[in-house]
Amino acid sequence: MEQETVVDGPASAAMLRAGTFWGLVSRRAAATPDAPMLLDATGGRITYAEFATAAERLAAGLLKVGIGPGTPVTWQLPTRITTALLVAALSRLGAVQNPIIHLYRERETSAVLRESRSAWFIVPSRFGGRDFEAFAREILAALPTPPNLLVFDGELPDGDPASLPPPVSCDAVRWVVYTSGTTSAPKGVRHTDSTIMAAGYALGHALAMNNSDVGTIAYPFAHIGGPMYLAMMLANGMSAVMIENFVPAQAAALFRRLGVTQSGGSTTHYQAYLDEQRKAPDEQLLPRLRMLTGGGAPKPPALFRQVKDELGCIIAHAYGMTEVPLIAQGSPGDSEEQLTYTEGRVVDGVEVKIVKRDGTVARAGEEGEVYVRGATVCHGYTDEALNVVAFDREGFFRTGDLGVLRTDGHISLTGRLKDVIIRKGENVAAKELEDLLITHPSVGAVAVIGLPDAERGERVCAVVEAKAGRDPLRFEEMVSFLKSTGLMMQKIPEQLEVVERLPRNETFNKVLKHKLREQFAKPA
């Protein structure tokens, strides 16, 4: 095992950025070998020492079949302990990992395999009622130069760790993660061990995580949040519960039994726990839970107070994306106002500037596009042509998000560049309307979009999911409700569409607004 200084407790940012992901595994195993690391719903349990040992044996087994330093490997696996072991084993070998969330189907998976040019494709035999092995073989048969296939469950590859070459210590790109995105063309995002570890360190530091915490990984582990969360665990010595499918009632029962102190994933997860709590309001759903955390999309401000009053914990929301896993993070030490109305403080090692439409840098409190550079920023896209637009001359990454950097160092997001609706020359922020409409008792979820309009330039359209057990929202009712909030008449939507379900991506249920624009872009 790689010999490095043992640090018991949270590691420093400098140490994480100087080392490798495998170095983080070996340090933690030496520091707290018997501490529980990962748990699951089947009773599975692995300590840090057991994890490091099993990962090295798996790495040696992978080496025997031809996976070594620099080998590009695509894996499409559910959220399991063995998936985390594979991540560590590939890190030990210095392979290049290309995770694909298990929800991807033929179109997305084929596109990623063609673009990534992987040498290996790793899948489970079956999962969630799907025959992944047959699925993989069908896809590979259609590729001009298919990768090798490895079915990854049952008896895993095994070998003698003595056969392994020395750990790779350079800071080369070792991760290519494709955006599940809100557009039709996923982009390959290039990360190093350092960028992911820096994000993991910053996450744990902001949340004040320690070795007594029990967290959860209740979302697709192949998302960038999976490796980032694993890095946070390794830096802080905490444990976490992994679940393959997030079924709220089942997850809550398991997390209660295992004493979970931190959970989340996205706004969808927050709402799911709140709904479970409301089924039995007199009994605390998760007695040890101290906070919910997550990202993927801004949270409605009203949700913070509901969670605090009913679940008895806080929401410490985050701001990040595949290209920059962590930009800002709420903290238990933040005020209620900060936790309610911001996405958190800009994290260690990251620099943010807000750029106005005229290209000048905004002052504190002024809105503009969020630009970011620093330790958690990716090393660009696999398609070099995209980097010209994605980064400015100073090396800042353009997020495409609109926001405000406050004097207290916290970021408040106000929307996306393409979500600013220009109606008769006036800017209308979609998020402002969404935050208001989600509080209506008949609205289960909402997306506000701009649609082409000959008279107005763009018209404002609200698309809402009807809440179960409630009558669908009527147009006149929406107008009256928004008027009652004091909203200016010019911002009130001219169009209301009620749908059974908003179109969403597979990872964090982010609404696909481009599909809504395509669906409803017809004359009003």
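Throughout, a residue's number is its position along its own chain's written sequence, starting from 1. The predicted origin of the model limits local features to residues at a pLDDT of at least 70 and limits the giving and counting of side-chain atom pairs to 80 or more, whereas totals for whole chains, interfaces and linings rest on all residues. Excluded from the side-chain calculations are hydrogens and water; all other atoms, namely the structure's heavy atoms, are used.

Participant: Explanation requested: the pattern of salt bridges in the structure shown.
Facilitator: Pairing between side chains of opposite charge can happen when their charged atoms approach one another. The salt bridge criterion pairs a side-chain nitrogen of Lys or Arg with a carboxyl oxygen of Asp or Glu, the two atoms within 4 Å. Scanning all chains against the criterion turns up 26 salt bridges. Residue Glu369 pairs with Arg398 through a salt bridge whose shortest N-O separation is 2.6 Å. Pair noted here: Glu369 is in strand β19 (residues 367–374) and Arg398 is in strand β20 (residues 397–405), with a separation of 29 residues, a long-range link. Working definition: with a 1.4 Å probe on protein chains only, accessible area under 20% of the residue-type maximum means buried, over 50% means exposed, and in between means partly exposed. Glu369 gets classed as buried once you look at its relative accessible area, which sits at 5%. Here Glu494 and Arg423 are joined by a salt bridge, their closest N and O atoms 2.1 Å apart. The numbering of helices and of strands both runs from the N terminus, where a helix is a DSSP run of H or I of at least 4 residues and a strand a run of E of at least 2.

Participant: What is the right way to look at helix α15 (residues 475–484) in this model?
Facilitator: Residues spaced three or four apart along an α-helix point in a common direction, a consequence of the helix completing one turn every 3.6 residues. Listing the buried residues of α15 in full gives Met478, Val479, Phe481 and Leu482. Buried residues along α15 cover an arc of 165° about the axis, so they all sit on one side. α15 presents Glu476 and Ser484 as exposed residues on the side facing more than 90 degrees away from its buried surface. In what follows, a contact means two residues having at least one pair of non-hydrogen atoms within 4.5 Å. The inward-facing, buried residues of α15 contact α14 (430–437), β25 (457–466) and β26 (495–499). Where α15 terminates, the next one or two residues include Gly486, which has phi positive at roughly 90°. For this quantity, the arc is that covered by the directions from the helix axis to the C-beta atoms.

Participant: Before we go on, may I ask you to explain the packing of helix α10 (residues 267–279) against helix α11 (residues 301–310) in this structure?
Facilitator: Helices that pack against each other are described as a pair by the angle of their axes relative to one another and the distance between those axes. With axes taken as lines fitted to C-alpha atoms, and helix axes fitted only over the stretch in contact, angles between N-to-C directions fall between 0 and 180 degrees. Between α10 and α11, the shortest axis-to-axis distance is 10 Å and the interhelical angle comes to 40°. Here α11 runs oblique to α10, going by the angle between their axes. For the element pair α10 and α11, the recorded crossing hand is left-handed. Each of Thr267, Tyr270, Gln271, Leu274, Gln277 and Arg278 in α10 lies in contact with α11, whose residues at this interface are Leu303, Gln306, Val307 and Glu310. Of the residues in the contact of α10 with α11, the class split is four nonpolar, four polar and two charged. Throughout this description, any angle smaller than 35 degrees is read as roughly parallel, any larger than 145 degrees as roughly antiparallel, any in the 65 to 115 degree range as roughly perpendicular, and the remainder as oblique. In this scheme the crossing of two helices becomes right-handed for a clockwise turn of the near helix relative to the far one and left-handed for an anticlockwise turn of less than a right angle. Nonpolar residues are Ala, Val, Leu, Ile, Met, Phe, Trp, Tyr, Cys and Pro. Charged residues are Asp, Glu, Lys and Arg, and all others, Gly as well, are polar.

Participant: How do you make sense of the nonpolar core when you look at a structure like this?
Facilitator: One recurring pattern in soluble globular proteins is that nonpolar side chains are buried together. We call a set of buried residues a nonpolar core when its members are Ala, Val, Leu, Ile, Met, Phe, Trp, Tyr or Cys and they connect through side-chain atoms within 4.5 Å of each other. Phe21, Leu38, Met233 and Phe255 are the most contacted members of the largest nonpolar core, which totals 117 residues. When residues in this core are grouped by element, the largest group, nine residues, is from helix α4 (residues 81–93). Ranked by size, the runner-up nonpolar core spans 19 residues in total, among them Ile421, Leu437, Leu473 and Leu482.

Participant: For this particular structure, what's the right way to read the sheet that holds β26?
Facilitator: Sheet strands associate in pairs through backbone hydrogen bonding, adopting either a parallel or an antiparallel arrangement. Here the rule is simple: two strands pair whenever DSSP picks up at least two bridges between them. Taken together, three strands build an open sheet; the order of strands is β24-β25-β26 and the sheet is mixed. Of all the strands in the sheet, just β24 (443–453) and β26 have a single pairing partner and so form its edges. With strand direction ignored, the average angle separating the axes of adjacent strands in the sheet is 25°. By the bridge criterion, five bridges tie β25 to β26 in an arrangement that is parallel. Looking at β26, one finds that Val463 is bridged to Glu497.

Participant: Looking at this structure, how should I read the sheet that holds strand β17 (residues 345–346)?
Facilitator: An order of β13-β14-β15-β16-β17 is seen for the five strands of this open sheet, with the pairing classed as mixed. The sheet is open, and its two edges are formed by β13 (262–266) and β17, each paired on a single side. Here strand β14 (residues 291–295) pairs with strand β15 (residues 314–319) via four bridges, running parallel. From the neighbouring strand, Leu292 faces β15, where its bridge partner is Ile315.

Participant: Sorry, what's going on with helix α3 (residues 48–65) here?
Facilitator: The span you would expect from a helix comes to 1.5 Å times its residue count less one. With 18 residues, α3 ought to run about 26 Å at 1.5 Å a step, and its terminal C-alpha atoms sit 26 Å apart, in line with that. Those residues of α3 that fall on the buried side of the exposure criterion are Tyr48, Phe51, Ala52, Ala55, Glu56, Leu58, Ala59, Ala60, Gly61 and Leu62. In this structure, the buried side of α3 is in contact with α2 (21–31), β1 (36–40), β2 (45–47), α4, β8 (148–151) and α8 (225–236). Gly66 sits one or two positions beyond α3 and adopts a positive phi of about 115°.

Participant: Sorry, what's going on with the environment of Leu254 here?
Facilitator: Assignment of secondary structure puts Leu254 in helix α9 (residues 248–257). With 11 residues separating them along the chain, Leu254 and Ile243 place their C-alpha atoms 9.4 Å apart. Residues in contact with Leu254, not counting those within four places in the same chain, are Ala41, Val241 and Ile243.

Participant: What am I meant to see in the packing of α14 against α15 here?
Facilitator: As a packed pair, α14 and α15 sit with axes 11 Å apart at the nearest point and diverge in direction by 100°. Classed by the angle they form, the pair α14 and α15 counts as roughly perpendicular. Of the residues in α15, those in contact with Leu433, Leu436 and Leu437 of α14 are Met478, Phe481 and Leu482. Partitioning the contact of α14 with α15 into residue classes produces six nonpolar, no polar and no charged.

Participant: I would appreciate a short explanation of the confidence of the model for the protein in the present structure.
Facilitator: Fine structural detail should not be taken from predicted coordinates in areas where pLDDT scores are low. What pLDDT reports is the predictor's confidence in each residue, on a scale of 0 through 100. Of the residues in the protein, 94% have a pLDDT of 70 or more, and the chain-wide mean is 90. For the stretch residues 1–11, pLDDT sits under 50, and the model shows 30 contacts to residues farther than four places along the chain or on other chains.

Participant: Honestly, the packing of aromatic side chains in this entry has me stumped. Any pointers?
Facilitator: A ring pair, where both rings are aromatic, is described by two values, the distance of the centres and the angle of the planes. Ring geometry is summarised as follows: Phe, Tyr and Trp rings, the Trp one being its six-membered ring, pair when their centres sit within 6.5 Å, and such pairs are stacked at plane angles under 30 degrees, edge-to-face over 60 and tilted between the two. This structure, assessed with the given rule, holds four aromatic pairs. With centroids separated by 6.0 Å and ring planes inclined at 80°, the aromatic side chains of Phe132 and Phe135 adopt a geometry described as edge-to-face. One end of the pair, Phe132, and the other, Phe135, are both in helix α6 (residues 132–141), three residues apart, so they sit about a helical turn from each other. The class for Phe132 is buried, based on a relative accessible area of 1%. For Phe135, a relative accessible area of 14% gives the class buried. For the cation-ring pair, Arg130 lies above Phe135, with the distance from its terminal atom to the ring centre recorded as 4.7 Å. One residue, Lys353, lies across the ring of Phe396, its end atom 4.4 Å from the ring centre. By definition here, charges over rings are those cases where NZ of Lys or CZ of Arg is within 6 Å of the ring centre and within 35 degrees of the ring normal.

Participant: For this particular structure, what's the right way to read the side chain of His269?
Facilitator: Within the secondary structure, His269 sits in helix α10. On the basis of relative accessible area, His269 is assigned to the buried category, the value being 7%.

Participant: Sorry if this is basic, but what is going on with the pairing of β20 here?
Facilitator: In summary, the side chains of a regular strand alternate between the two faces of the sheet. With seven of nine residues buried, β20 is to be regarded as a mostly interior element. Across five bridges, β19 lies against β20 in antiparallel orientation. In the sheet register, Glu369 faces β20, and the bridge partner there is Leu402. Bridge count between β20 and strand β21 (residues 411–416): five bridges; the pairing is antiparallel. In the strand pairing of β21, Leu405 is matched with Ile411.

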